[in-house]
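# Structure at a glance
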Amino acid sequence: MEPTNVKNPEYYHKVVDCQYACPAHTPVPEYIRLIAAEKYTEAYLVNWESNVFPGVLGRTCDRPCEPACRRGRVEEEPVAICRLKRVAADNKEDITRFIPRGPFPPNGKKIALIGGGPASLTVARDLAPLGYEIHLFDEQKAGGGMMRSQIPSFRLPDAVLNEEVGFILNMGIHAVFNKRVESLKAVADEKYDAIFVGTGAPRGRDLSDLPGRSEGAANIHIGIEWLANVAFEHTHAIGKKVIVLGGGNTAMDCCRTSRRLGGEQVKVVVRSPFSDMKASPWEKEDAMHEDIPILDNHVPLSFEVKNGRLTGMTFDKVHPVYDENGKRKLVSTGEAPVFIEADDVLIAIGQENSFPWIERDLGLEFDKWGMPVVDALTFQSTMPNVFFGGDAAFGPKNVITAVAQGHQAAVSIDLYCNQKSLTERPSPFTNLMSTKMGIHEWSYDSLVVNDQRFAVPQAPKSETLRDRKKEVELGFDVKTAFQEAQRCLNCDVQTVFTEDRCIECDACMDICPTNCITFTTNGDEADLRTRLIAPAENMSQDLLVSATLKTGKVMVKDEDVCLHCGLCAERCPTSAWDMQKFLYNMAKPASYLPSKL
Amino acid sequence: MTYIRPAFKHPHLPKNQIGYTAKDYEGSLSTLCAGCGHDSITAAIARACFEMNVQPHKVAKLSGIGCSSKTPAYFLGNSHGFNSVHGRMPSVATGANMANRDLVYFGVSGDGDSASIGMGQFVHAIRRNLNMVYVVMNNGCYGLTKGQDSATADLGSKSKAGSINPFQAIDLASLAVELGATFVAQSFSGDKQQLIPLLKAAMNHKGFALLNVISPCVTFNNNPGSTKSYDYVREHVEATGTVDFVPEKSEILHSQEEGTDKYVEMHDGTYLKLHKLDQHWDPEDRISAASALQHARAKGEILTGLLYVHTGHPDLHDVLGTAGKPLNAMLEKELCPGNEALQEVNAGLR
C-alpha cells in the first residue's frame, strides 16, 4: 500500500467515528472532555456551533454517532453521547453573551425561509450574523416545525425548545407565524436574493384502501396530525383501547402519548418483525416500559365498524421470508385473521413530502416521485435561487440531518449571493496538536476505564403517565455524567506516526492492548489485512500505513479497535508515535465561537 | 501517567489449539525503559509459548538480578516464577528441574548476571546439559546501574559517556559451543521473525538450549560507536540461515526440498527445518559451528540464527537416572517406600 496521506483531513476525521457518523460532524470527544471538566457552557457552545439545538438533540436525536462509537466495538455498549449532550444543555450558565446578537450590519441581501423547522432555523442562524435580512414563514403559531408539532412534551419540554428556537429568532429574524405559504411564485415575486424551502415531510401516509377506513373515519387518525393536535392542545383525549399502526419513532410517540390521554390498552401493531422495526431501540424500550405491547408480523386487513362506530381491526399474521439477495417478503402464516379491539386507531406508517403550493411552471423541476430535483452537494434546485433542506429535500430523515443540510444550504446561499461557484465548497477548519505534557503525561485522560454504560434515570411511571408534559427522562446528574464521559476513548486524540524517528524496536507493537500495530513487509490492502497480528476484518476502518522503514518493513496500524490509550507513544523511545488532538469543524458561512473559550 | 494496561482486547484475536489467545500469555506492564530490547524478547517468548500451545501453568520462569531478570514479571503472568539471587538462577533452575521434569524452564538472564557474577553457575548448567531454555538478554552494559561496560561489551565499543572499552568481550555463544551445549543460537531483539522460531525450537530441545540475544539498551548503549545499538547490530548482523519448527512429520513430506534445506529430528519426533545461507556451515558439527563463530568475529560480524544443535544427548535426568515422574505427582507410598526399601539401599552401600 502507498503510505497513508494524513494531510487529507478526512483521514483523521474518519478515525473519530462518532463525529464522522454525525451528519453535522459535531466534535463529540471535544465536548465530552469539556463535560468531564465540568465546563458545561463550553461544551454546550461547541455543540451549538455545530448542531444548533443541543438541548433538543440531547433528548431526541436519532444518535447515528452511538452505533458508530468505537467503544461499542470493544465492549457491550457505546458511550451515551446523546444524553451527555443533554448534560451540557441542562447545566450551562446563561449563554446569551456568547451568542451573536443583532442588529448586524446589513449586507443588502434578502432571504426568504419557508417553514420554521430545524433546517430553516439553521439557515437563519448561519446567515443572519453576516448581515442577511431574513424572512421566515411558518404555518404554526411558533417556530420549531416538527420538533414542536411531532415530538411530545414528555420527551422534549417546551421550555427547552423555546430557548433554542429563541436564540435564533432573537438574532433579528423577521418571523411570520400562522402564515401558510400557498404559492412559491408569490414569494419569488417578492425579489428575494434567495429562497430556502424547509417545509418538511408534512403528509402522513394513510391506509385509504383498507375496508372500513371511511366508515370508521371518526376514530381513525393520521399519527403526525394527531400529535400536532395534541401539541397545540386541540386534542385532549383518546379512547381506552388504542391501536397504533407502524414501527417507527412516530408510532412510539403516538402510543406513549395515547397512554397519557386516557389510553389504557394501547397496542403497537407492526407489519415487520420486531428486529426490523425502524424505531430506535431505546424508543421501543421506553414504549414497552409504559406497558405497551408491540405485536409484530401483523399486516392490517380491515377496520371493523359496527353501528357506524369503530370496534377494532383485523390482521393477517405473517412471517418474514428472505430471498437470496436478502430482500424481505412477508408471507401469510395461513392462520385465521386476528381481531384486535380498538376505540381509536392511529396510523403512523410513514410520511411523505407534499408540495401543492409550488407551481409547476416556475422552472423548478420535480422527479417522477413528485420530489424536487435537488443537488445533493449544494442543495440548490433547478431554480438557481431556490434551495431545499431538511425533509423537504430528500424525504423524511431526522433533526440532525436537517441541521446538517441547513448548514450546507446556508453555505450555498452565501456563495450564491456573492456570485461564487457553489461547487467549490469551503474547506473544514482543522487543527492537530500534540498532547504531550511529560514523559508519561498527556493533556487528556488517557486511562481507559472499564465502566459499563450508565443508565439515564427516569421519573416514576405513576407520575409521567398522568401528565403529558412531565419529562420522562431525568438526565444524568453531574457525577454520573462525569463517569459516563470518562468512558469516551478520546478517538480524536490521534496516533500520529513519524517514520524517520522510528528505530523499529517493536515496543509499540508489543504493548498495544488491542494489537492494532504490526511491523511487516508491505503488500496490497487485501493481503496486508490478513497478515496483521490481529486480522483487520472491519473493512469500514482504514489502515494507517507508513512509508518504508530502514529494515524494509512498514508500520501498519488497523484503526478499528485502537483505544487511543497512548501506550504506543509512551513506550516509544524516540517519540515516533505521538498523541495529537485533532479538531475538525465543518465549514460554515460564519464562525460563531470566540477563538478561545 | 499510564502504567495500567487497559482491560479491553481485540475482539477477534486468533486462538491457539488449546483455546488461548496471545493475550493470555502476557504478564504485567513492563517498567523497563521505553524501547528496551528486553521487552521485545519477552513479547517473543510470550508469542512462542502461544504458538507452541503451552499451558501457562506448565512453564517456570527463573531469573537472577538485572534489567533482564525483571522481565519474567512481564510475560506469562499465569506461570510459575522465581526471581533468585544475582547469578544464581542456574542453581535454582537445576533444583526446580530435578523436582519437576514436566515443566518448560525459561531461565532469563543478562550479560552481567551470566557473564560476570554468574559465570560459574552458567558453565556448569551447560556442562550438566540441564533441560532448559537459557535466554541471555545481552546489551553489553549494566543498564540498571547507569550503563557501565559489562563483560560482553566488545573491545573498542564506545559507551554513552564516550569511554572506549579496553577489555576483550566474553563470547557466550562460543563459550557454550566449547563447553558442549547441545543447542546454541544467537539472535537480535529487533528481529522477531528469527527469534520466535528459535525460541520454539529451544523449548522443544531436550537439553540445555542457549539463546544469546543482542538486546540494545536504549538508554545507555544505543549511541554511535556502541556495538550493541539498534543501528550497529542491524548493519553487522549475519544470519546463518532460517529455522522453522515443524511439529508434524507429515508437513515435511509435502514441503519442497531444496539443496540448502536440512531437517534435524528432535527427541520427540518433531523437526527443525534449517534453511542455510552458508553452504560451508553444518549446524550439527561442533567444529564447523565454532569455526563459523570465529570467522564472524574476525570479520566484525554478529552471527545469528541456530549455530549448533545436537539432539539425542542425555540430559541431566538421563545421566542421574531420576524418577520419570515429578515429585509433586508422587504419592506418599512412592516418596517414602518404607523400611524394607531403606534397608535395601543401605545394604547396597555396605
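None of these values were measured; they are calculated from a predicted model.

### With respect to the overall build of chain A
When helices and strands are tallied, chain A shows 22 helices and 24 strands. A compact globule built from 597 residues would reach a C-alpha radius of gyration of about 25 Å, and chain A, at 26 Å, matches this within 12%. Buried positions account for 60% of the 597 residues belonging to chain A. In chain A, the share of contacts with a sequence separation of at least 24, taken over all contacts with a separation of at least 6, comes to 71%. About 24,400 Å² of surface is accessible on chain A, with carbon and sulfur atoms providing 50% of the total. Between the centroid of the 67 positive side chains of chain A and the centroid of its 82 negative side chains there is a distance of 3 Å.

### Considering the overall build of chain B
Helix and strand counts for chain B stand at 13 helices and 13 strands. Viewed in the frame of its principal axes, chain B has a C-alpha envelope of about 70 × 55 × 55 Å. Across the 350 residues in chain B, those meeting the buried criterion constitute 53%. Restricting the contact set of chain B to residue pairs at least 6 apart, pairs at least 24 apart contribute 70%. Averaged over its 30 positive side-chain charges, chain B has a centre that lies 7 Å from the centre of its 34 negative ones.

### Looking at the sheet that holds strand β21 (residues 517-520) of chain A
Residues and elements named next belong to chain A. Strands sit in the order β21-β23-β22 across an open sheet of 3 strands; the sheet is antiparallel. At either end of the open sheet lies a strand with only one pairing partner, and these are β21 and β22 (543-545). When strand polarity is set aside, the average angle formed by the axes of neighbouring strands in this sheet is 25°. Of the strand pairs in this sheet, β21 and strand β23 (residues 554-558) are connected by 4 bridges, and their pairing is antiparallel. Among the inter-strand pairings, phenylalanine 519 is bridged to a residue of β23, identified as methionine 555.

### What to know about the pairing of strand β1 (residues 59-63) of chain B
Residue and element names in this part refer to chain B. Extensive coverage of β1 is indicated by the burial of 5 of its 5 residues. Burial along β1 is two-sided: Val59, Lys61 and Ser63 and Ala60 and Leu62, pointing in opposite directions, are all buried. As defined by bridge partners, β1 adjoins strand β3 (residues 104-110) across 5 bridges and the pair is classed as parallel. Within β3, the residue paired with alanine 60 across the bridge is tyrosine 105. When β1 meets strand β2 (residues 80-83), the two strands line up parallel, connected through 4 bridges. Each bridged residue has a counterpart across the sheet, and for lysine 61 the counterpart in β2 is glycine 81.

### Focus: the pairing of strand β13 (residues 302-309) of chain B
Residue and element names in this part refer to chain B. Burial analysis of β13 places 8 of its 8 residues in the buried class, which makes it a mostly covered element. Strand direction decides the pairing type here: strand β7 (residues 183-188) and β13, joined by 4 bridges, are antiparallel. Bridge pairing links alanine 185 to leucine 306 in β13. As judged from the 3 bridges shared by strand β9 (residues 237-239) and β13, these two strands associate in the parallel manner. Note on β13: the bridge partner recorded for alanine 239 is threonine 304.

### Some details on the packing of aromatic side chains
As enumerated under the stated definition, the model contains 14 aromatic pairs over all chains in all. Each ring, one from Phe75(B) and one from Phe106(B), has its centre 6.5 Å from the other, and the planes form 80°; the classification is edge-to-face. In this pair, Phe75(B) is assigned in the loop between α2 (67-70) and β2 and Phe106(B) in strand β3, connecting sequence segments 31 residues apart. Across the pair, exposure class does not vary: Phe75(B) and Phe106(B) are buried alike. Considering the side-chain rings of Tyr134(B) and Phe208(B), the 5.5 Å spacing of their centres and the 40° angle between planes classify their relative orientation as tilted. Here Phe208(B) lies in strand β8 (residues 208-214) and Tyr134(B) lies in strand β4 (residues 132-138), a separation of 74 residues in the sequence. Residue classification places Phe208(B) among the buried residues on the basis of a relative accessible area of 0%. The ring of Trp48(A) carries Arg125(A) above its face, with NZ or CZ at 4.5 Å from the centroid. Stacked on the ring of Phe154(A), the Lys or Arg Arg260(A) has its end atom at 3.7 Å from the ring centre.

### So, the nonpolar core
Phe388(A) and Trp577(A) are the most contacted members of the largest nonpolar core, which has 125 residues in total. In terms of residues, this core owes the most to one element, helix α17 (residues 399-417) of chain A, which gives 11 residues. Both domains that furnish three or more residues to this core are identified here as domain 1 (9-97 + 449-486) and domain 2 (101-202 + 353-417) of chain A. If we skip the residues at most four places from it in the chain, Phe388(A) touches Phe196(A), Val197(A), Phe355(A), Ile358(A), Leu364(A), Pro372(A), Val374(A), Phe379(A), Ser381(A), Ala393(A) and Ala409(A). Listed in part, the 40 residues of the second largest apolar core include Val104(B), Phe106(B), Ile196(B) and Ala202(B).

### Concerning the interface of chain B and chain A
Tallying the contact residues gives 33 residues for chain B and 39 residues for chain A. Summed over both partners, the interface of chain B with chain A buries about 2,800 Å², with 56% contributed by carbon and sulfur atoms. Linking chain B to chain A there are 4 salt bridges. Arg571(A) is the partner of Asp39(B) in a salt bridge, and the nearest nitrogen-oxygen pair spans 2.5 Å. Where chain B touches chain A, the interface holds 12 residue pairs in polar contact (both at pLDDT 80 or more). Listed by contribution, the elements that provide at least two residues to the side of chain B that touches chain A are α1 (37-51), α7 (192-204) and α8 (230-236) of chain B. The element that contributes the greatest number of residues to the side of chain B that touches chain A is α1(B), accounting for 4 residues.

### What to know about the sheet that holds β13(B)
All names here are of chain B. With mixed pairing, the 8 strands of this open sheet are ordered in space as β2-β1-β3-β4-β8-β7-β13-β9. Each of the sheet's edge strands pairs with one partner strand only, and the pair in question is β2 and β9. Ignoring strand direction, the axes of neighbouring strands in this sheet form an average angle of 20°. Across the sheet, α7 touches β3, β4, β7, β8, β9 and β13, and the angle it forms with β7 is around 160°.

### Focus: helix α19 (residues 478-486) of chain A
Every buried residue of α19(A) is listed here: Thr480(A), Ala481(A), Glu484(A), Ala485(A) and Gln486(A). Buried residues along α19(A) sit against α3 (28-36) and α8 (81-91) of chain A.

### Things to note about unusual backbone geometry
All names here are of chain A. Unlike most non-glycine residues, asparagine 297 shows phi in positive territory, near 55°. Among the structural elements, asparagine 297 can be located in the loop between β9 (294-295) and β10 (298-306). Located in the positive-phi region is asparagine 490, a residue other than glycine, with phi close to 60°. For asparagine 490, the location among the structural elements is in the loop between α19 and β20 (493-497). For asparagine 490, a relative accessible area of 6% corresponds to the buried category.

### What about the packing of helix α6 (residues 172-179) of chain B against helix α10 (residues 286-299) of chain B?
All names here are of chain B. Running from N to C, α6 and α10 cross one another at 160°; their axes reach a closest spacing of 10 Å. With respect to each other, α6 and α10 are oriented roughly antiparallel. Of the two elements, α6 crosses α10, and the hand of that crossing is left-handed. Contact with α6, carried on its side by Ala173, Ser174, Val177, Glu178 and Leu179, involves Arg286, Ala290, Leu293 and Gln294 of α10 and no other residues of that element. When grouped by side-chain class, the residues that make up the contact of α6 with α10 number 5 nonpolar, 2 polar and 2 charged.

### Observations regarding the packing of helix α4 (residues 40-51) of chain A against α17(A)
When two helices pack together, their arrangement is captured by the angle between the axes and the distance separating the axes. Residue and element names in this part refer to chain A. It is the contact of α4 with α17, at a shortest axis distance of 9 Å, that shows an interaxial angle of 70°. With respect to α17, the axis of α4 lies roughly perpendicular. In this structure, α4 uses Glu49, Ser50 and Asn51 to contact α17, whose residues at the interface are Ile400, Val403 and His407. Residue composition of the contact of α4 with α17, grouped by class: 2 nonpolar, 3 polar and 1 charged.

### Quick look at the confidence of the model for chain B
The share of residues in chain B with pLDDT of 70 or more is 94%, and the mean pLDDT across the chain is 90. Contacts of residues 253-259 of chain B to residues separated by more than four positions or lying in other chains number 5 contacts, the stretch itself having pLDDT below 50.

### What to know about the pattern of salt bridges
The tally for this structure, following the rule as stated, stands at 55 salt bridges over all chains. Its salt-bridge partner being Lys469(A), residue Glu233(A) comes within 3.3 Å of it at the nearest N-O pair. One end of the pair, Glu233(A), is in the loop between α13 (223-231) and β7 (241-245); the other, Lys469(A), is in the loop between α18 (461-464) and α19, with 236 residues separating them in the sequence. We classify Glu233(A) as partly exposed; its relative accessible area is 40%. The partner of Arg5(B) in a salt bridge is Glu26(B), with the nearest N and O atoms 3.5 Å apart. Here Glu26(B) lies in the segment before α1 and Arg5(B) lies in the segment before α1, a separation of 21 residues in the sequence. Through salt bridges with shared partners, a single ionic network connects Asp17(A), Arg70(A), Arg73(A) and Asp560(A).

What counts, and where the lines are drawn
- Residues numbered from 1 in each chain as written.
- Chains lettered and ligands numbered in written order.
- Predicted model: local features only at pLDDT ≥ 70, side-chain atom pairs only at ≥ 80, totals over all residues.
- Heavy atoms only, no water.
- Helix = DSSP H or I, 4+ residues; strand = E, 2+ residues; numbered from the N terminus.
- Rg over C-alpha atoms; globule rule 2.2 N^0.38 Å.
- Buried < 20%, exposed > 50% of the residue type's maximum accessible area, 1.4 Å probe, protein only.
- Contact = heavy atoms within 4.5 Å.
- Areas by Shrake-Rupley, 256 points an atom, 1.4 Å probe, with all protein chains shown as cover.
- Lys, Arg positive; Asp, Glu negative; His and termini not counted.
- Charge placed at Lys NZ, Arg CZ, Asp CG, Glu CD.
- Pairing = 2+ DSSP bridges.
- Axes fitted to C-alpha atoms, helices over the stretch in contact; angles between N-to-C directions.
- Phe/Tyr/Trp six-rings, centres within 6.5 Å; stacked < 30°, edge-to-face > 60°.
- Lys NZ or Arg CZ within 6 Å of the ring centre and 35° of its normal.
- Core = buried A, V, L, I, M, F, W, Y, C linked by side-chain atoms within 4.5 Å.
- Domains from an automatic or database assignment.
- Buried area = accessible area lost by both parts, 1.4 Å probe.
- Salt bridge = Lys/Arg side-chain N within 4 Å of Asp/Glu carboxyl O.
- Polar contact = N/O pair within 3.5 Å; in protein donor to acceptor, adjacent residues only side chain to side chain.
- Parallel < 35°, antiparallel > 145°, perpendicular 65-115°, else oblique.
- Left-handed = near helix turned anticlockwise from the far one by under 90°.
- Nonpolar A, V, L, I, M, F, W, Y, C, P; charged D, E, K, R; others polar.
- pLDDT = per-residue confidence, 0-100.

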